[in-house]
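In case you want the letters, here they are:
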Amino acid sequence: MAEHRWAPPEHQDVPIYAAESLPLEQVGSPEPVDPPQPVTVHDLRFEQIGVLAEVKAFAVARTDVAVFVEISWQGRLQRAWVPRDTVTVRALKPRP
């Protein structure tokens, strides 16, 4: 019987595509959203892959022109300031 040497699997690094965010000088003075509100961001642009039609997120702050959202996409937490008119409120499904 031949001897087999164990080695951990090799995985290619997965690139992380960041959501585009508005410049801070365009945002204004934010007010916190407490507790964070579930929202959907429409037409959110990501680096290198373009626009995603809908992205689920949580709004954590807002101004008259923008919403600061936390996105859990690709298994990583991302934050971005997005235009307020691209955000709609969504309802979470009740837990059993």
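In the block above lies the structure referred to throughout.
A few points on the structure. (Residues numbered from 1 in each chain as written. Predicted model: local features only at pLDDT ≥ 70, side-chain atom pairs only at ≥ 80, totals over all residues. Heavy atoms only, no water.)

### Remarks on the packing of aromatic side chains
And step 1. Summed over all chains, the structure comprises one aromatic pair.
And step 2. Ring centres 4.9 Å apart and planes at 35° place the aromatic pair Phe-68 and Trp-81 in the tilted group. Residue Phe-68 is found in strand 3 (residues 66–73), and its partner Trp-81 is found in strand 4 (residues 76–83); the two are separated by 13 residues along the sequence. Just as Phe-68 is buried, Trp-81 falls in that class too.
And step 3. Sitting over the face of the ring of Phe-58, Arg-90 holds its NZ or CZ atom 5.3 Å from the ring centroid. (Phe/Tyr/Trp six-rings, centres within 6.5 Å; stacked < 30°, edge-to-face > 60°. Helix = DSSP H or I, 4+ residues; strand = E, 2+ residues; numbered from the N terminus. Buried < 20%, exposed > 50% of the residue type's maximum accessible area, 1.4 Å probe, protein only. Lys NZ or Arg CZ within 6 Å of the ring centre and 35° of its normal.)

### Section: the pairing of strand 3
And step 1. Pairing analysis gives four bridges linking strand 2 (residues 50–62) to strand 3, with the strands arranged antiparallel. Within strand 3, the residue paired with Phe-58 across the bridge is Glu-70.
And step 2. Hairpin remark: strand 2 followed by strand 3, antiparallel, with three residues in the connecting loop.
And step 3. Inspection of the sheet shows strand 3 paired to strand 4 by eight bridges, in the antiparallel sense. In the strand pairing of strand 4, Val-69 is matched with Ala-80. (Pairing = 2+ DSSP bridges.)

### Considerations on the nonpolar core
A general feature of soluble globular proteins is that nonpolar side chains tend to end up buried together.
And step 1. Formed by 14 residues in total, the largest nonpolar core has its most connected members in Val-41, Leu-44, Val-69, Ile-71 and Val-82.
And step 2. Counting only elements with at least two residues in this core, the list comes to strand 1 (31–46), strand 2, strand 3 and strand 4.
And step 3. The element contributing the most residues to this core is strand 1, with four residues.
And step 4. Once residues within four sequence positions are removed from consideration, Leu-44 is found in contact with Ala-19, Glu-20, Gly-50, Val-51, Leu-52, Val-55, Ile-71 and Val-82. (Core = buried A, V, L, I, M, F, W, Y, C linked by side-chain atoms within 4.5 Å. Contact = heavy atoms within 4.5 Å.)

### Quick word on the sheet that holds strand 1
And step 1. Strand order across the open sheet formed by five strands is 4-3-2-1-5, with antiparallel pairing between neighbours. Two strands in the sheet have a free side with no partner beyond their single neighbour: strand 4 and strand 5 (87–89). Ignoring strand direction, the axes of neighbouring strands in this sheet form an average angle of 40°. (Axes fitted to C-alpha atoms, helices over the stretch in contact; angles between N-to-C directions.)

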